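Next come the chains, spelled out residue by residue.
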Amino acid sequence: MTKRLLVALTQRVDVSQTGERRDALDQAWAAMMEQLGHIPVALSNNVRSADEYLAALAPDAVILTGGNDVATLPGAVNPAPERDRLEEAAIAYCQHRSKPLLAVCRGLQMLNLQLGGTLVPAHDHVATSHPIRGEYLQGVGSVNSFHNWAIQSGGLAKDLVALGTAPDGTVEAAHHGRLPWFGVMWHPERPISDPAFHRNLVAAAIEGRLKGTA
């Protein structure tokens, strides 16, 4: 039986009409974690010390979820610098302890930037779907797409290895060459073709079973 894991999930930041900055997370993530037999914990963005916060929680795995452009990008939509800082700390937490990390959409963008890669504006990747190319992802069919920024093959961080691409050649899935880290540009928690495949993919990622996948 798979060990029950404490899985920490980052949250998007939404701003209300009165200016309140609110952390938010799709409830589908908690439902998926429970289906997989794991314990979901939503991370608060506005904490005094993200490093101390994560060390005290001591999650077994981290999921960087979607939403909010990275604040340092030009023309960033709904930027949230406090979330950027929290996720930088989450990446460092996983790196220092070799913990599994799953990076989803914005999460893969953040991970790529933190590891020295670059992003470019995405074209025709918002509120649509498209097929995926890649031997590891054969049979997936189409995936949803909701991102303003993309990773070109030449902009992929040197520590990441591409596993799948969109028809335009941008990177849609990647893993770390040494650490149990995996990232996708689509949203496996949202309605998607072959949900069982994606649920198993998420499980393998947070359980650290995708390390060194080629």
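None of the values given here were measured: they were computed from a predicted structure. (Residues numbered from 1 in each chain as written. Predicted model: local features only at pLDDT ≥ 70, side-chain atom pairs only at ≥ 80, totals over all residues. Heavy atoms only, no water.)

**Q** Please clarify how the nonpolar core should be interpreted in this entry.
**A** Most often, soluble globular proteins keep nonpolar side chains buried together rather than apart. Among the nonpolar cores identified, the biggest contains 31 residues, and Val-62, Leu-64, Ile-91, Leu-101, Leu-111, Leu-160 and Trp-181 are the most heavily contacted of them. Those elements giving two or more residues to this core turn out to be helix 2 (50-57), strand 5 (61-64), helix 3 (81-97), strand 6 (101-104), helix 4 (106-114) and strand 12 (171-176). At six residues, helix 3 tops the list of elements feeding residues into this core. Setting aside anything within four residues of it in sequence, one finds Val-62 in contact with Ala-8, Ala-90, Tyr-93, Cys-94, Pro-100, Leu-101 and Leu-102. (Core = buried A, V, L, I, M, F, W, Y, C linked by side-chain atoms within 4.5 Å. Buried < 20%, exposed > 50% of the residue type's maximum accessible area, 1.4 Å probe, protein only. Helix = DSSP H or I, 4+ residues; strand = E, 2+ residues; numbered from the N terminus. Contact = heavy atoms within 4.5 Å.)

**Q** I keep staring at the packing of helix 3 against helix 4 and nothing clicks. Help me out?
**A** Two measures define how a pair of helices packs: the angle their axes make with one another and the distance between the axes. At a closest axis distance of 11 Å, the pairing of helix 3 and helix 4 adopts a crossing angle of 70°. Taken together, helix 3 and helix 4 sit at an angle that is classed as roughly perpendicular. You can see that helix 3 and helix 4 cross each other, and the crossing is right-handed. Along the contact surface, helix 3 presents Arg-83, Asp-84, Glu-87, Glu-88 and Ile-91, while helix 4 presents Arg-106, Met-110, Leu-111 and Gln-114. Here the contact of helix 3 with helix 4 is built from residues that sort into three nonpolar, one polar and five charged. (Axes fitted to C-alpha atoms, helices over the stretch in contact; angles between N-to-C directions. Parallel < 35°, antiparallel > 145°, perpendicular 65-115°, else oblique. Left-handed = near helix turned anticlockwise from the far one by under 90°. Nonpolar A, V, L, I, M, F, W, Y, C, P; charged D, E, K, R; others polar.)

**Q** In this structure, what is going on with the pattern of salt bridges? I would like to understand it.
**A** Two side chains carrying opposite charge are able to pair once their charged atoms lie near each other. Evaluated as defined, the whole model comprises ten salt bridges. We note a salt bridge from Arg-106 to Glu-87, for which the minimum N-O separation is 3.0 Å. Of this pair, Arg-106 sits in helix 4 while Glu-87 sits in helix 3; the two residues are 19 residues apart in sequence, bridging distant segments of the chain. For the pair shown, Arg-106 and Glu-87 are each scored as buried. When salt bridges that share partners are traced, they join Arg-83, Asp-84, Glu-87 and Arg-106 into one network. (Salt bridge = Lys/Arg side-chain N within 4 Å of Asp/Glu carboxyl O.)

**Q** Which parts of the structure should I look at to understand the sheet that holds strand 13 (residues 181-184)?
**A** The strands making up a sheet associate through hydrogen bonds between their backbones, and the pairing can be parallel or antiparallel. Taken in spatial order, the seven strands of this open sheet run 4-1-5-6-13-12-11, and their pairing is mixed. With partners counted over all chains shown, the strands left at the sheet margins are strand 4 (39-42) and strand 11 (160-165), one partner each. Neighbour-to-neighbour, the strand axes of the sheet open up by a mean angle of 20°, direction not taken into account. Both strand 11 and strand 12 contribute to a ladder of five bridges, which runs antiparallel. In the strand pairing of strand 12, Val-161 is matched with His-175. Contacts from helix 3 reach strand 5, strand 6 and strand 13 within the one sheet, and its direction differs from that of strand 5 by about 145°. (Pairing = 2+ DSSP bridges.)

**Q** How should unusual backbone geometry be read in this particular structure?
**A** Negative phi characterises most residues that are not glycine, and trans characterises most peptide bonds. One non-glycine residue, Ala-58, adopts positive backbone phi at about 50°. Tracing the sequence through the fold places Ala-58 in the loop between helix 2 and strand 5. According to the relative accessible area criterion, Ala-58 is partly exposed, its value standing at 40%. Within the chain, Asp-124 stands out as a residue other than glycine whose phi angle is a positive 60°. Mapped onto the fold, Asp-124 is located in the loop between strand 7 (120-121) and strand 8 (126-131). A relative accessible area of 74% places Asp-124 in the exposed class.

**Q** How should the pairing of strand 6 be read in this particular structure?
**A** The alternating pattern of strand 6 places Leu-101 and Ala-103 and Leu-102 and Val-104 on opposite faces, both of which are buried. Of the strand pairs in this sheet, strand 5 and strand 6 are connected by three bridges, and their pairing is parallel. If you follow Val-62 over to strand 6, its bridge partner there is Leu-101. Handedness of the crossover joining strand 5 and strand 6 through helix 3 is recorded here as right-handed. One ladder, built from four bridges, connects strand 6 with strand 13; its direction is parallel. Residue pairing for strand 13: Leu-102 is matched across the bridge by Phe-182. (Right-handed = clockwise from strand over helix to strand, strands pointing away.)

**Q** Would you explain the packing of helix 1 (residues 27-35) against helix 5 (residues 195-206) in this entry?
**A** Contact geometry of helix 1 with helix 5 gives a least axis separation of 11 Å together with a crossing angle of 75°. When the axes of helix 1 and helix 5 are compared, the pair comes out roughly perpendicular. Packed against helix 1, whose contacting residues are Trp-29, Met-32, Met-33 and Gln-35, the element helix 5 presents Arg-199, Val-202 and Ile-206 at the interface. Among the residues making up the contact of helix 1 with helix 5, the classes are represented as five nonpolar, one polar and one charged.

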